[in-house]
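Listed here are the chains, written in short residue letters.
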Protein chains: 8
Amino acid sequence: MSVADEFVLDFARPERIGLEEAVYAAGKSPAQIDAILDAAAVREAAMLLTRLEPGKHAALADRHRARLDYCAVSRTAIFGRPRPVRGPARIGIVAAGTSDIAVAREAERTLAHQGHATTLFADVGVAGLWRLTRRLAEIRAHPVLIVAAGMDAALPSVVGGLVASAIIAVPTSVGYGVAEGGRTALDAILASCAPGLTVVNIDNGYGAACAAMRLLHAARALAPDPARPGETA
Amino acid sequence: MSVADEFVLDFARPERIGLEEAVYAAGKSPAQIDAILDAAAVREAAMLLTRLEPGKHAALADRHRARLDYCAVSRTAIFGRPRPVRGPARIGIVAAGTSDIAVAREAERTLAHQGHATTLFADVGVAGLWRLTRRLAEIRAHPVLIVAAGMDAALPSVVGGLVASAIIAVPTSVGYGVAEGGRTALDAILASCAPGLTVVNIDNGYGAACAAMRLLHAARALAPDPARPGETA
Amino acid sequence: MSVADEFVLDFARPERIGLEEAVYAAGKSPAQIDAILDAAAVREAAMLLTRLEPGKHAALADRHRARLDYCAVSRTAIFGRPRPVRGPARIGIVAAGTSDIAVAREAERTLAHQGHATTLFADVGVAGLWRLTRRLAEIRAHPVLIVAAGMDAALPSVVGGLVASAIIAVPTSVGYGVAEGGRTALDAILASCAPGLTVVNIDNGYGAACAAMRLLHAARALAPDPARPGETA
Amino acid sequence: MSVADEFVLDFARPERIGLEEAVYAAGKSPAQIDAILDAAAVREAAMLLTRLEPGKHAALADRHRARLDYCAVSRTAIFGRPRPVRGPARIGIVAAGTSDIAVAREAERTLAHQGHATTLFADVGVAGLWRLTRRLAEIRAHPVLIVAAGMDAALPSVVGGLVASAIIAVPTSVGYGVAEGGRTALDAILASCAPGLTVVNIDNGYGAACAAMRLLHAARALAPDPARPGETA
Amino acid sequence: MSVADEFVLDFARPERIGLEEAVYAAGKSPAQIDAILDAAAVREAAMLLTRLEPGKHAALADRHRARLDYCAVSRTAIFGRPRPVRGPARIGIVAAGTSDIAVAREAERTLAHQGHATTLFADVGVAGLWRLTRRLAEIRAHPVLIVAAGMDAALPSVVGGLVASAIIAVPTSVGYGVAEGGRTALDAILASCAPGLTVVNIDNGYGAACAAMRLLHAARALAPDPARPGETA
Amino acid sequence: MSVADEFVLDFARPERIGLEEAVYAAGKSPAQIDAILDAAAVREAAMLLTRLEPGKHAALADRHRARLDYCAVSRTAIFGRPRPVRGPARIGIVAAGTSDIAVAREAERTLAHQGHATTLFADVGVAGLWRLTRRLAEIRAHPVLIVAAGMDAALPSVVGGLVASAIIAVPTSVGYGVAEGGRTALDAILASCAPGLTVVNIDNGYGAACAAMRLLHAARALAPDPARPGETA
Amino acid sequence: MSVADEFVLDFARPERIGLEEAVYAAGKSPAQIDAILDAAAVREAAMLLTRLEPGKHAALADRHRARLDYCAVSRTAIFGRPRPVRGPARIGIVAAGTSDIAVAREAERTLAHQGHATTLFADVGVAGLWRLTRRLAEIRAHPVLIVAAGMDAALPSVVGGLVASAIIAVPTSVGYGVAEGGRTALDAILASCAPGLTVVNIDNGYGAACAAMRLLHAARALAPDPARPGETA
Amino acid sequence: MSVADEFVLDFARPERIGLEEAVYAAGKSPAQIDAILDAAAVREAAMLLTRLEPGKHAALADRHRARLDYCAVSRTAIFGRPRPVRGPARIGIVAAGTSDIAVAREAERTLAHQGHATTLFADVGVAGLWRLTRRLAEIRAHPVLIVAAGMDAALPSVVGGLVASAIIAVPTSVGYGVAEGGRTALDAILASCAPGLTVVNIDNGYGAACAAMRLLHAARALAPDPARPGETA
C-alpha cells in the first residue's frame, strides 16, 4: 500500500459545509504531506496546513516549499493562491496576553486564507483593565469576536459582560502550574458567569476561525430578504 | 443586612449585551428568589429562572407561583409575560437521545421567552444513522443549530460534517461509567474532527440559547445594507 | 475508651498562633460535639463551630443548644459569649454572586466571633461590571479583602487588577458541569494574571477569616514604632 | 546477576492461549533485547518486537539487526521467519485519519506475523461521511473489524451503528488540547451509544490484533460440526 | 410536542447490526417509557429495558408492568415474549466477587433475551486463586468469556494468561477509596499485561453481552464452508 | 502588524495596585522581549523578568543583556537599576528542601527588586523536625513568611501550627510519581489542618512575593494613626 | 442459580496467608450476607464483616443478628466467638483528628478479632504539635504503628521523621473541597519526605490491620533462633 | 548566601529512625551535590544518592566521582564505604517484568548499602502464571517481599493471595496509554482484593527498601525475649 492510499482528500467540503479542507500536519510524515500537496497541485487547489513545525516544514519537498507561505509563529502554511481579503473587518480577534499571539495568528491566517479581514487586539487582559476599556468601542464594533486567553481566562467573561457580539473563546495553554496545558482556561470559560460564550478546543485558533465562518454563513441565511419587506432576522 | 442586600439585578443587561438577566436558582434560597421576584414585579419585568427544582418551586411565595409558567422537565420557570414568539423557526434544536430532552427544552424555553421560534429534532443519535439522515434536509434548513448530546457525543461531529449551519453543541450529563457527569461528551465535542463546532458547559441549555441569540444579533449587524448595493456579509 | 478520650482541645492555640480553636463539626458525632462543648463550658471558653448541619445542630444536647448562636446559612454556631466587635471595618468581604453568600457569611461570623468588624459587598460579579465599579472606592478603602467567587471566579482577577489591598480569595463550589465542586474556580484564581492573589480551600470561609487575622497580627508587628521616627513598614 | 536472568521467555504461550509471546521494547535496554533475541535464535523462534524506537533499533547487535524486518512507522520489528499470510482477508483495519496509520500498521503487522491477511481502510473519518459510506459494503464484508481513531473517536460509534461485525476499537493519542494522550478518544468509545463495541488501551494496535486472534480462535471452537447436522453456532 | 415525538424506535436494528434495540431507562421518565412500550406492543415486539430502578418500574402503567419480567438485582426488565434459550452454553460469564453479580446478571439476561445460553462462574477472584483454578477447565471450555471484576480487576489479567478464549472484560464500580466508580478497574484491564483482552464501559453488562453477540455473528461468517474442503477460519 | 503592537505595558500599575509590572518571559519570543525592554529603556524604567530560560536569555539583544542582572537558578532577570534594599528583614522565606531553592530565590529576587529585605531559611523540612525547631525563634520573628515546599508539603502545616505570622505557601513541583507537577503539594496545603494558611500557584515564587508586598501595603494602611491615641489595628 | 452459588468462602486463607477471610458487606445484599453467615455457622467459624451499614445490619436475619457484635462507628460486625486478646499492645493506632476515629476503630476491631491488643492515640494532629510530642515516647514504644489521617495528612510525615517503628498509614476521606474523598491525603503520604512510610487504600482500616498482621507474621519468621547463637535478624 | 547554606544534613537520622540519610539528586545542582559530598567526606560518612541521572553524575567533581559506586540502571550512587552485606537474604525483591528491573535494583542497592542481603526474582508477571508458580516456594521463604509491577500491577494481588509474607508493593511507571506514569498500577494495588498489601510511591524503590528496614527494626523489637519463656511475638 502506498502513501497515496493513506489519505482521502475532501474536496467536496466547501459545497457541503462551506469550509475548505485543511491539513492537520502534526500527525503526518513529510512524505504524507508531500503526497497530499501533490494531489492538491493537480487540482490547482489552495490548501491550509496547520500545526506544521519548522522542522517538518523544512523536510518537505522543495517543489512544495516554494509555493508555501509559512508563518513560524502560528505554525501555519498556505499552499497555492489564497483568496483576496475583501471588505472591512467584521471579525475581531482579541488576545489577552502577548503569549496568546500564536493562537490568534492561527485564527487570523485561517480567515485570511478564505478571504476574511480581521482586526487584532493584543495584550488587553484584565490585570490592567484600562487596556481593555480604552479599546472597547472598537471591539464592540465587530459583530463576531474570537477571544484567546490562557491562565485564568478571565478576559472572555469580562468581554462577554460588556459587548453583545457573538463570542468564540479559545483557551490557550499559556501558563504553568495549575494553568499548564490550558484545562483551567478552558473550564473557566465554560463556567463563565457571562451568558452566551462559546468555546473551542485549547489552542484551536483554526477551529475558532471555522466557527466564525459558519457564523457568517448563518448570517447570510438569516439576512432579511429585501423583497419581503417587514421581515427581520 | 437583609436578603434584599444580597443581590443586585442587572436590568441594563439587554441594552448592554442584548440578553435579559436570568436567575440561576440552584444556589439561592426561596427567600432570596422571592425577594428577586418582588423586585422584578415592581418593574413589571418578565424574568426567566433556571435550575429551579420542583421542591424549591413549591416553596416560593404563592403570589409569585401564580405568575410562574413552570416546566418540571427543564426545571425552568418564566415569570410575568413572555414576549410573543414570532416568525418561522431559524434555530433548530437537535437532541441525540430521549434522555437529552431536558437540556433541549431548557434551550427551547429560554429562546421562547425572548420571542424566538425553534424546531426540535429528538432522538436522532448516530447509533441508527437513518434517524438523522431522514431529517437532514429539515435540519440543514436552520441556519443555527443547538445540538445536545451525552455519552460519546458523536452526533455533533456527524452533523458538523454534513451541514454548513452554525453549531452550538451542548454536552449532557446523560450516561454512566466514564460518561457520568458529561466530561467525556464535552471533551469529545471539543476534540471533534468536524471543523467549526462551538461548545458550552455541560447541560447548559440556557447558555446555548444565549449563544444563539448573540449569533442572531451578529447576523443583524452583518446584514448587507440594502442602501449599499453589492455589499455582501 | 470513652468519647472524652477522642479529642484533645488546643486551648493554648491563641497564645501560640493568635487564633482560637474552632470545632470542625462535619466529621464528628453529636456525642463527640457535646463532649467538646462540655469541656469548653468547664473553662468558660467561647468556641466557634463550623460545618454544623441543621440536623446535627438539632441533635445536640439542650443544655448546649441554648447557648449556641446558630446560623443555618453559613452552618456556623458560636458557643458562649463572643468578643464585642469593635472599631471601623478594615476587612471587606466581597461575594461575586448571591449563591456565594453562605461562604461569605462563614468568614464574617468567624471574624465577628473574635471581635473584628467587616463590610459585606454582595453580588458584584463581573457579568455586570458596573455592579463592581460603582462600589470600587468603598472596596478599595478596606486594606484587607476576602473575595468569594465560584464558577469561573473571574472576580478576584479583576479586583486584583484594580486595588492594592491584600486579597484572600475563596473559591466556592457554586456551579454545575465543569464548575461543580469548585475546582475550576480554585484553579482559575491560582492561575490569575493579576499578581499577588492568595487562595484558601474551596468554600473555606473560616480559613479565609483566619488568614485575615494572621494578616492583622502581622500588621501590628510591622507597625512603625512611633518612638523611632522616620521608620516605615 | 546477568542480563539473562532479567527475563523469562514464555515459549509455551501459543499452546496456552493461542498467541505467541511478543517483546515490549519500550522499557528494555538494547542489551536486554539482544539477550532475548539470542534466546529466540537458539530456539529458531520467530518473534515480534513492539514499541522499538528507531534509535534503539539502531543500537541492537548487528547479528540481530540483519534478521529483523523493521517498520519505523509502526515501530515494530519481526525477528526470524514470519508465517506465510494465507487466504482472503477476514479482518478489516479501519483508520479514521492519516495520523492513525501508525497504530493501524502495528495491528496489521502483528496479524501478518502470525499468518493473517487484513484489509486496510484509511482516512474514512466522519468529518466527511461519504468517505466511509462509499466503502461501507467492503468494510461490512469483514466479520472482524479493528477501528483506530483519535480525537473524538466518533468513527467506531458510526461504524458500530451500521455493521454487524465484531468491532475492536483502538483509541489513538492523535490530537492536542483535550485530545492529547488519547483519553478522550478512549472514553468516547467506551461511552458509545452504538452497542457492543469493545476497546483496548490507547495506541494498542498490538493488543487489538491479539484480540482479533482470540476471536478467530473462538470462531473455530464455535464452528458447527459438520458431523452433527442442524447445529448452529 | 407530545411524548411520542421524543423517541424514534430503531426496529430495523436487528437486520442492520444483528442486535435488537434496548431501552436505556435511566434518563427517561415513566411517561416516556410507557409510550415506548405502547409502540412496542403495537408491533408485538419484545424489548429489553436496562437500568430500570425499582421505583421507576413501580411507576410504569399497570398494563405494561404485567407484561414485564423484572429483575431487581440487575435492574433489567424484559417486555413481551423472549426468544427460547437454545443449545449448550458457549458463553461463560465470570464474576470476580459476589458484589459483581449484578453486572453479570445484566449480561446473562441480555443474552437470554436473544436466545443465548450462558454459564455463570461466581466469586472466583484472585485473592484465593484456588477458587479460579478448580474451575479453570470448565471456564476454558467456553469459547467466549465475559469477565466482570471491580477493585483492582486482576482477574481478567490472570484469566487472559491462562485461556485462549475471546475475553470481554467488564470493570465494575464495586469498591471504595481509589476503587470508587470503577475507573481503577477499567484502567487496570486496559493496561493488562495479558494480551488480547477487550473492555466495555464500567458496569456495562449489557454492552458486554452485545459484544458477545457480535462475536457469535462473526463466528458464523468465519465458519468454514463445508462445500470448500480444506479451508480454515 | 509589528511586534511592538503585540504588547501594552502597564506602567500605571504601581500607582494602581502598588506592584510594578513584570514580564513573564515563558511565552514570549526573544524579539518580543527585546521590544519590551526597548520600551522600558525609553522610560528608564526598571523591570523584572521571570521564567527566562538560559537559552532565551542568551538570545536577547546584546544591548539589553548588558543591563540585565540574570540568575539562572531562579530564571529571573532584573533590567535597569533596582531599588536599594532597606531596613531589617520583615519577610522570611522558608524552603523545605534544597530542591525548593529555585522557587525561594524567585521570591527573594522579586522582593529585592522592589527594595525589600528577606531572610532565607533553607532545608528545614519535617523529615528531620529538629532542623525546623532549632530555627523556630528566628522564623517566628518575621511577621510575614513565604514557605516553599514540594512533595507532601507538610512543612506549611507544621509552621502554621507553631507561629502566628501571616503565611503565604508556595507549593513546588519537586518530586516524582504522585508528587510530579506539584498538585499534591498544592492540595495538601489547601487541605491543611493548620488554620489561616494562604496559597499561590505551583512554583510561583513571584506571586508569593507580590502577595507579601500587598500585605505590607495593607499593614501600612492598618497602622494606628499616632494622632488618634488608643486606636489599635 | 441460588444465592448460595454466588459466593465461595475461602476457609483455607489462614493457612495460606495467615489472615482469616472477612466479608466486605458494601456490595452484598442482606440475603447474600445471611447465606454467608449460614455457611460460617455450619463450620462454627468466627467471621468479621466490614462496611456493614446500620440499615443493612438491621435487615439481616434475627438468628444472625443475635450473634453479631456490631459497632456502628466503624461499621464492623464480628460474628461468632472472637479470639481472646492477649499480651501487651505492640501495635499503636494513631488518629490525627477526632473525625478519623471511625477508621481507627475499624483497624482496632479487625486486630482484636484475631487476638491482637492495640493502643489508640486520638487527636494528635500537627495543627497543635504539642499534642503529638507529649505522647511521643508512648507512641515510639510500639514497634508497629497504624496512622490514620485525612485532609493534608501531615501527621504520618511528622511521625515518620521522629520514630523508627514500621508505619502503615491510612489516608481518610475526612475533609471538603480539595480534601474530599481522601485523594489528597493519600497522595501526600505517598509523596512524604519521611522515608519508609507505607500506605493502604483510603479509609481502609481493615487493610491496615491486615498489613500489621502480615508484619507480625514476618517478625516471627525473622526472629533469631535461640538455638543458633550469634544470629541476628 | 553560599551553596553550603542551602542544605542541612541529618546525620542524626539513624539514631532517630534507624535509617541513614540519602540524597535525592533529582532537584539538586551538581554544585549542591558536590557540597553535600564534601560535608559527608569530612565526617567520613557513607551516603546513598538516588535519582542521579548519568549526565549529572558526569558533572560532579572528579574527587567525588572517584569514590562513587554508580549504577546507571537504577540511577543510584553509593559514596564511601558501604556496610558489608551479611547473612542469608530475608528480603525478596520480585519484579513483574524486565522493564521493572530499574526500580527493583534501586531497592536492592539501598538495602545493600545498609548491609541487607536480598534475592531478586525477575520477570514473574501474571501473563504467564507458571513463571510465578515455579518460584513460589522460594519467594514464600522470604518473610519480607518488595514487589515491583507496572501496567495493571496484578502481580501484588496474586502474590498477596498466595503468601503470608509482609508485602511492600512498588507501582512502576512502565507502560503507555492509561498505564503511563504509573497511576493505574498504584491504584490497582491500593484497590487490591488481596488483604494487607502496603504501597509506596510510584517508582520508589528507595522508599520500599526503607519500609523493609523499618519492618526489620520492628521485628527486632517484637522478637520474643528468650529470658521470658512462653512469650510469643
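Source: prediction; values computed, not measured.

Remarks on helix α9 (residues 183-190) of chain A
Among the eight residues that make up α9(A), seven are buried, leaving the element largely enclosed by the rest of the structure. Along α9(A), the residues classified as buried are Thr184(A), Ala185(A), Leu186(A), Asp187(A), Ala188(A), Ile189(A) and Leu190(A).

Some thoughts on the interface of chain B and chain A
Each partner contributes to the interface: chain B provides 48 residues, whereas chain A provides 48 residues. Roughly 3,800 Å² is buried in total at the junction of chain B and chain A, and carbon and sulfur atoms are behind 59% of that figure. Taken together, the connections running from chain B to chain A amount to 13 residue pairs in polar contact (both at pLDDT 80 or more). Among the secondary structure elements, those contributing two or more residues to the side of chain B that touches chain A are α1 (13-17), β5 (86-95), α8 (154-162), β8 (166-171), α9 (183-190), β9 (198-199) and α10 (205-222) of chain B.

Some words on helix α5 (residues 101-113) of chain F
All names here are of chain F. Over its 13 residues, α5 extends 18 Å from the first C-alpha to the last, a length consistent with the 18 Å expected when each residue adds 1.5 Å. Summarising burial for α5: eleven of the 13 residues are buried, a large majority. All of the buried residues in α5 are Ile101, Val103, Ala104, Arg105, Glu106, Ala107, Glu108, Arg109, Thr110, Leu111 and His113.

Here's the deal with the relation of the copies chain E and chain D
It takes a turn of 180° to lay chain E on chain D, together with a shift of 0.0 Å along the axis; the resulting RMSD is 0.0 Å. Such values leave the two copies arranged in the relation of a two-fold axis. Relative to the rotation axis, the C-alpha of Ala219(E) is the closest in chain E, positioned 2.1 Å from it. The fraction of interface residues of chain E whose copies in chain D are also interface residues reaches 100%, indicating that both copies meet through the same surface.

Section: the UniProt feature "domain: PurE" (unreviewed entry) in chain A
As annotated in UniProt, the feature "domain: PurE" (unreviewed entry) corresponds to residues 89-221 of chain A in the numbering used here. In residues 89-221 of chain A, the share of helix is 43% and the share of strand is 21%. The end C-alpha atoms are 20 Å apart.

Observations regarding the packing of helix α9 (residues 183-190) of chain E against helix α9 (residues 183-190) of chain H
Packing of α9(E) against α9(H) brings their axes to within 9 Å, and their N-to-C directions diverge by 120°. Between α9(E) and α9(H), the crossing angle belongs to the class labelled oblique. As for the relative orientation of α9(E) and α9(H), their crossing is left-handed in sense. Contact with α9(E), carried on its side by Thr184(E), Asp187(E) and Ala188(E), involves Thr184(H), Asp187(H) and Ala188(H) of α9(H) and no other residues of that element. Its residues assigned to classes, the contact of α9(E) with α9(H) shows two nonpolar, two polar and two charged.

Quick notes on the rules
- Residues numbered from 1 in each chain as written.
- Chains lettered and ligands numbered in written order.
- Predicted model: local features only at pLDDT ≥ 70, side-chain atom pairs only at ≥ 80, totals over all residues.
- Heavy atoms only, no water.
- Buried < 20%, exposed > 50% of the residue type's maximum accessible area, 1.4 Å probe, protein only.
- Helix = DSSP H or I, 4+ residues; strand = E, 2+ residues; numbered from the N terminus.
- Contact = heavy atoms within 4.5 Å.
- Buried area = accessible area lost by both parts, 1.4 Å probe.
- Polar contact = N/O pair within 3.5 Å; in protein donor to acceptor, adjacent residues only side chain to side chain.
- Expected span 1.5 Å × (residues − 1).
- Least-squares fit on C-alpha atoms with pLDDT ≥ 70 in both.
- UniProt positions renumbered as here; feature names shortened; annotations may be inferred.
- Axes fitted to C-alpha atoms, helices over the stretch in contact; angles between N-to-C directions.
- Parallel < 35°, antiparallel > 145°, perpendicular 65-115°, else oblique.
- Left-handed = near helix turned anticlockwise from the far one by under 90°.
- Nonpolar A, V, L, I, M, F, W, Y, C, P; charged D, E, K, R; others polar.

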